[in-house]
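# Results of the structural survey
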Amino acid sequence: MKTLFAFVATVTLFSTLALAETWTGTLVDNMCKNKPDLASHTKKCALHCAKSGFGLVTGGKFVKFDSAGNAKAVTALKDSSKENDLQATVTGTLQDETIQVES
């Protein structure tokens, strides 16, 4: 029975990972997502507005992150040496117009 459970768990994990997508775009907080020049949007502003949540502008469209993605965005911003033009690559699954961020 343990072997069957382990097999089912492994298949489920790989099925979930197979559905993951990757997006590349500009990381921006929800408060500033409609600014006309996102390349000049600063890390300082993004961290200041972090409570509003984050998302990615890709292909001219803003897609918001889930709560785990918001936490990962804050960590990535704090660790980044970039001060503006906050480009990011995000892996996850899109669910109800929200990216369930894996990385």
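Residues numbered from 1 in each chain as written. Predicted model: local features only at pLDDT ≥ 70, side-chain atom pairs only at ≥ 80, totals over all residues. Heavy atoms only, no water.

## Let's talk about the overall build of the protein
Stated precisely, the cut-off is as follows: Each helix is a run of H or I in the DSSP string that is no shorter than four residues. Each strand is a run of E no shorter than two, and both are numbered from the N terminus. Any two residues having at least one pair of non-hydrogen atoms within 4.5 Å are treated as being in contact. Note that accessible areas follow from Shrake-Rupley with a 1.4 Å probe, and for residues the cover is restricted to the protein chains shown.
Along the protein, the regular secondary structure elements total 3 helices and 5 strands. Traced from its N-terminal end to its C-terminal end, the protein shows the element sequence α-β-α-β-β-α-β-β. For the protein, restricting intrachain contacts to residue pairs at least 6 apart in sequence, the fraction spanning at least 24 positions comes to 66%. Carbon and sulfur atoms provide 59% of the accessible area of the protein, an area that totals close to 6,700 Å².

## What about the layout of surface pockets?
Note the threshold: Buried and open spaces are told apart on a 1 Å grid over the protein atoms alone, a cavity being a set of points where a 1.4 Å probe fits but cannot get out and a pocket being an open set with protein on both sides within 12 Å along at least five of seven lines. Residues with an atom within 4 Å of a point are the lining residues. Grid points are joined across faces, edges and corners, and a volume is the space filled by probe spheres set on the points. Put simply, Ala, Val, Leu, Ile, Met, Phe, Trp, Tyr, Cys and Pro go in the nonpolar bin, Asp, Glu, Lys and Arg in the charged bin, and everything else, Gly too, in the polar bin.
Roughly 230 Å³ of internal volume is contained in the largest pocket. What lines the largest pocket is a set of 16 residues, and nearest its centre among them are Leu27, Lys72, Ala73, Ala76 and Ala88. Elements with a minimum of two residues in the lining of the largest pocket: α3 (67-79) and β4 (87-95). The leading source of residues in the lining of the largest pocket is α3, at 5 residues. In terms of residue class, the lining of the largest pocket is made up of 9 nonpolar, 5 polar and 2 charged.

## Notes on the confidence of the model for the protein
Let me state the cut-off plainly: On a range of 0 to 100, pLDDT expresses the predictor's confidence in each residue.
On average, residues of the protein score 87 in pLDDT, and 83% of them are at 70 or above. Here residues 1-6 is modelled with pLDDT under 50, and outside its nearest four sequence neighbours on either side it reaches 0 contacts, counting other chains as well.

## Considerations on the nonpolar core
Here is the rule: Nonpolar cores were defined as sets of buried Ala, Val, Leu, Ile, Met, Phe, Trp, Tyr and Cys residues, with membership established by side-chain atoms within 4.5 Å. Think of it in three bands: residues with accessible area under 20% of the maximum for their type are buried, residues over 50% are exposed, and the middle band is partly exposed, with areas taken using a 1.4 Å probe on protein chains only.
If you look at the biggest cluster of nonpolar residues, it comprises 13 residues, and the most contacted ones within it are Leu27, Phe54, Phe65, Leu77, Val90 and Ile99. Only β1 (21-29), β2 (54-58), β3 (61-65), α3 and β5 (98-101) provide two or more residues apiece to this core. Excluding residues within four positions of it along the chain, Phe54 makes contact with Leu27, Val28, Asp29, Asn30, Ala46, Phe62, Lys64, Phe65, Asn70, Ala73, Val74 and Leu77. Judged by nonpolar contacts, the second largest core, of 5 residues, contains Val28, Cys32, Leu38 and Cys49.

## Re the pairing of β1
What counts here: A pair of strands is labelled paired if DSSP reports no fewer than 2 bridges between them.
The pairing of β1 with β4 spans 6 bridges and is antiparallel. Looking at β4, one finds that Thr26 is bridged to Gln87. Across 4 bridges, the pairing between β1 and β2 is antiparallel. Each residue of the ladder has a partner; that of Thr26, found in β2, is Val57.

## Details of the environment of Thr58
You can see Thr58 is positioned in strand β2. Every residue in contact with Thr58, bar those within four places of it in the chain, is listed here: Trp23, Thr24 and Gly25.

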